[in-house]
Structure formats: C-alpha cells, structure tokens
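What follows is each chain in one-letter form.
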Amino acid sequence: MGKRIIVDPITRIEGHLRIEVEVEKGKVVDAWCSGQMFRGIEMMLQGRDPRDAHHFVQRSCGVCTYVHALASVRAVEQACNIEIPENARIIRNLLHGSQFQHDHIVHFYHLHALDWVDIVSALSADPAKTAKLSENVSGRPQNSAYFSEIQTRLKTFVNSGQLGPFNNAYWGHSAYNLPAEANLMASAHYIEGLKLQAKAARMHAIFGGKNPHPQSLVVGGITSVRDLTPERIDEYTQIWKETKAFVDEVYLPDLLAIASFYKEWGAIGGNNDAYLAYGEFPQKKVDDDLLLPGGVVDASLAYAAVNTDKIAEDVTRAWYEKGEAKHPLSGETKPIAGEVFYNTDDKYSWIKAPRYAGKSAEVGPLARVLVAYAKGHDHVKKLVDHTLKTLDVGKGALFSTLGRTAARAIETVVISDAMEGWIETLKSNIASGNKKTYQPWTMPDKGQGGGLNDVPRGALGHWIDIKGGKIKNYQYVVPSTWNFGPRDSKKQKGPVEKSLVGTPVADPSKPIEVLRTVHSFDPCLACAVH
Ligand code: NFC
C-alpha cells in the first residue's frame, strides 16, 4: 500500500472539501473526495409555496449566488407551463453572463493562479524585463515603473510577515515553472483582477437589485422594470465593456502565457470518459437555441443529446439512508441520523453521487467547450484551435487539468462577446415600446418540472413536484455534486477522484500537484451538499 495524504480542508474554495490520495512511486494511485458538512435545504422546502423556492435555494451559495434562483424559477415555470417574455429572458441572460464574467476571473486569478504562480519568486523579478514580457504576451502592456511599483507593494506585504491570502502556500516548490518575470506579471494581474471583480459584481446589482443574491427574479419573469432606462443600461454596458476588455487583453493572454510553461499538465488530470452539459443562454425561447449547446461527449468527442431521464443520484457511499439510485423527481434526502464515520472503504461523504446512464460524468467549462467543439460551434472552435496551436499541443491535451483551465477562459470570451447582442436587443425592444418583463400565471394544483441551466461550475438542474399548490418534493443536482461525488454501488469513482489518479506528487508533504487538479474543477462544497 502506498502513502496516504490528506488535504483537509482544501483552501481557496467555497466550503469544506477533504481530499485523500494514495501515492505510490511519486504518483497518485487512488483518491477519495469528501464533503464534510450537511445542509438540508431540500428538506426545508417541502410543503412550502413553489414561488418561494428560489429565495431559499439561492442561499445555497455565496459564490454562484444567482444560478440556483434561475434554475428554480425555470423548474416552476416548466411545472406551471409558463412562457416568459423576451425581455425577461434577455435580462436573465445578462445577469447570468455577468455571473460568468465575475466568477471565472475570480477563479483564474484568486482561486487557481497561485497553484502555478509563485508570488515569492516575483520579488526577484527584473521590472524592465517584465515590461518586455508584457509587451510580447499581453493585449495591455505595462511599463517597468508599473511593475516596479507592484513589486514594492508585494515586498512590503511579505516583509510585514502578514501574508493574508498568500499565507500557507508552497512557495519555492520545485513544481513551479514560471520565470520570476512571469510571476511578477501574473501577480500584478492578480491585484488588477481583485479590483475589477468588485466592479463586475455591480452588473448583478443593476438588474438584480443587489449582489450577492439578486432579488429581481420571479416565476414568470423579472421585476426590475424601473431599471430599464437608457441610463441604467448604459451603466451596465460600461462595466461589461471594461470586464470584457480585461478578459480579452489580460485573462486569455495570461492563460496562454502561463500554460506555455506547464504543457506537461496537458497530460495530467483527465481520465473521464463522459462530459455532460445542459447548455445555456437561450437565444430565443427558454429551452431553444442555446448559445452554448447541451450534450454528452466521450473522450473521442462522440456526441449525443442529453436525456435527463438518465440522471440518477446514488447514495451507497454517502452518509444517507440506504436506497436505490433515484431520478431527482423522485429523489430523497435522508441523512443518517446520529454520528457518521469517515471510512474510505464504506461511506465517506455528504456529497451524493450523480450518474448519467449509470456512469459518472464531468461537468463544467471543459464539458461545455468539448460539447460545443464536437457540435462544430464556430466561435468555440476557433478559440480552441487557436489555444492548441499557440501551445503547440494536440487535441488530447484538452482532456486534462490544463484543458479544463483553458476551457474556462475560452468560454468567458464567448459569453462576454455574446452579451453585446443581448444588450442591443433589450435596448431596441424598449425603444420600440416593448417593456413586457412578466407573464401572469396561476398556480396549478399539480405539476412537475425540471429547471436546467449551465452555470460557472457546470450543469445545474432543479426538479420540483407540486401537489395541492405546494412543494411535495424538491431536489437539485449541482455541478460540484457531479464532479466531487464519491464512489457508487458499482464502486465507480467520481470524476475528480478519477482525474486525480496518475497525478505526480514530487513531495508528499507539499502536494501542490493535487491542489492543481482539484482547483481546476473550481470546487464549491456549499453547492455540492445543499
Ligand atoms: Ni457554489 Fe455553484 C452551483 C456549484 O450550482 N457547484 O457554479 C456554481 O457554486 O459556485
């Protein structure tokens, strides 16, 4: 038996994730993902008014604050047969688009970059050489004085001994490949990104009333009608433009520059044989003509449409009462009463194990980009091909930790570009007198619905069963549940567990390589166990 390494909790994520790996001859040979805290929001919803569900479920998370509300109102709208007006669809897209821009920038710079960028090494960089590097790779080159100032700020920070977010990292680890100048450039963009994300969050507040947890969604449409003025739309547009410029000029170039020093990661952290996306951003009706298509692909990029009847959650290895794997419409959340015990040979997590056609499936940016690529999506294809060419790697490199991180930047570009068209359509609708944002409806006695969307971390579905006008059952299957779920009744590992196998670990006391693959999935445990 190899050496067991436990990382608990994993930091720079939302929530309580424990990862255990077994390492033999410098490589991970087995892995276990565990969600360490139970929530119970599905249980709280039983018997409530379906119109209230989105307020509850949105509180699952403080990061992807909006997406649960969207999935929830979509589920109720399907159960009650409601078609929302075009303006509501567009404003929901604008809220969701800004969620992606904010979330992916924060992930790349603040939750993931420090796995690749050594802040301490940036202290020894030559600012003049850094300016040269930035001229070569960045769409927004900065001069030597700028980098010198950043370096002074970093030095003051480090010398103060209070490292704050930079504390407890594996600085100086042999797995860091970037030259000092690239470390300084990326550190500067870490700081820029920190300022920008605060501004980007305001896009949510404009059409959502507040951030986090926008308040303008209702079953049947949206209520932020007072904000549909040229001034408010312009305010939104200015922040969108600034964020999009950062994505095009800084985020994507940084991704390519950093990835070029880590090409070996194009062969690490893959291993999944199914990738699932529901697709997102309705261009016409809610479930019609999506900007990013839905589908399931395998490792040879063979495509099939999604059939949600094939989804079931298995709880064999999670801390729930025994039972068959169930489709979410008839799914149950029955936590084991009393004390539970962590045992990697038996039950070891609060996360359920979602399966598609009996198999585990990876969801998220990589799945969305692979599905779009397999379907010949023009914009995605161009960006993927450009990335592969720039890095001089083959398509196989997509199925990896590197591919997952690149896919996130690629889809941020695609979504940011599409937002312009939504803003223009909204403006022209309002100018022509179409201000409808809500479709009146009445609650049926009975109904069942599934609200699907694709959110920053992957495919999200909420299912509702209404009886007597109240919630009889409510279940949601979340991206981080798909990715971080445990083994199932067939002993099949979850996607992250599979992806970790084969990861090299140079120093078991500092398993930075494990963090790289785990962080590439952008875990959110607050969502995974809801
Ligand atoms: Ni929390 Fe999530 C919601 C997850 O469904 N996983 O992106 C989404 O959190 O960040």
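Note that this is a predicted model, so its numbers are computed, not measured.

1. Focus on the packing of helix H8 (residues 180–208) against helix H9 (residues 230–259)
And then number 1: Packing of H8 against H9 leaves a shortest axis separation of 10 Å and a crossing angle of 150°. It follows from the interaxial angle that H8 and H9 lie roughly antiparallel. As H8 packs across H9, the resulting crossing turns out to be left-handed.
And then number 2: Class assignment of the residues belonging to the contact of H8 with H9 gives a composition of 15 nonpolar, three polar and seven charged.

2. Some thoughts on the packing of aromatic side chains
And then number 1: According to the stated counting rule, one finds 20 aromatic pairs in the structure shown.
And then number 2: For the pair phenylalanine 38 and tryptophan 350, a centre-to-centre distance of 5.0 Å together with 45° between the ring planes defines the contact as tilted. Residue phenylalanine 38 is found in the loop between strand E3 (27–35) and helix H1 (41–45), and its partner tryptophan 350 is found in the loop between strand E11 (311–314) and strand E12 (353–356); the two are separated by 312 residues along the sequence.
And then number 3: The exposure class of tryptophan 350 is buried, given its relative accessible area of 10%.
And then number 4: Where phenylalanine 157 meets phenylalanine 166, the ring centres are 5.6 Å apart and the plane angle is 85°; that geometry is what we call edge-to-face.

3. So, the coordination of the iron atom of the ligand
And then number 1: Listed as protein donors to the iron atom of the ligand are Cys64 (SG) and Cys527 (SG); their distances from the metal cover 2.4 to 2.7 Å.
And then number 2: Around the iron atom of the ligand, the four donor atoms sit at angles spanning 17 to 99°, and that spread fits a shape best called irregular.
And then number 3: In this structure, the iron atom of the ligand lies 2.9 Å from the nickel atom of the ligand, and both are coordinated by cysteine 527. With a gap of 463 residues between them, cysteine 64 in the loop between helix H2 (53–58) and helix H3 (67–79) and cysteine 527 in helix H16 (residues 525–528) connect regions that are remote in the sequence. Both residues of the pair, cysteine 64 and cysteine 527, belong to the buried class.

4. Focus on empty space enclosed by the protein
And then number 1: For the coordinates displayed, the defined rule picks out three cavities of 30 Å³ or more.
And then number 2: What lines the largest cavity is simply Phe108, Trp116, Leu255, Ile258, Ala259, Tyr262, Thr401, Leu402 and Thr405.
And then number 3: Elements that contribute at least two residues to the lining of the largest cavity include exactly H9 and helix H12 (401–431).
And then number 4: Counted by class, the lining of the largest cavity contains seven nonpolar, two polar and no charged residues.
And then number 5: If you add up the space inside the second largest cavity, you get close to 70 Å³.
And then number 6: In this structure, the second largest cavity is lined by 13 residues; those nearest its centre are Glu42, Tyr320, Lys352, Ala528 and His530.
And then number 7: Here the residues of the lining of the second largest cavity are counted per class, giving six nonpolar, four polar and three charged.

Thresholds, definitions, all that
Residues numbered from 1 in each chain as written. Predicted model: local features only at pLDDT ≥ 70, side-chain atom pairs only at ≥ 80, totals over all residues. Heavy atoms only, no water. Axes fitted to C-alpha atoms, helices over the stretch in contact; angles between N-to-C directions. Helix = DSSP H or I, 4+ residues; strand = E, 2+ residues; numbered from the N terminus. Parallel < 35°, antiparallel > 145°, perpendicular 65-115°, else oblique. Left-handed = near helix turned anticlockwise from the far one by under 90°. Nonpolar A, V, L, I, M, F, W, Y, C, P; charged D, E, K, R; others polar. Phe/Tyr/Trp six-rings, centres within 6.5 Å; stacked < 30°, edge-to-face > 60°. Buried < 20%, exposed > 50% of the residue type's maximum accessible area, 1.4 Å probe, protein only. Donors = N, O, S within 2.8 Å, 3.2 Å for Na, K, Ca; no water. Tetrahedral: all angles 85-135°; square planar, octahedral: opposite > 155°, others 65-115°. 1 Å grid on protein atoms, 1.4 Å probe; cavity = no way out; pocket = protein on both sides within 12 Å on 5 of 7 lines; lining within 4 Å. Points joined across faces, edges and corners; volume = space filled by probe spheres on them.

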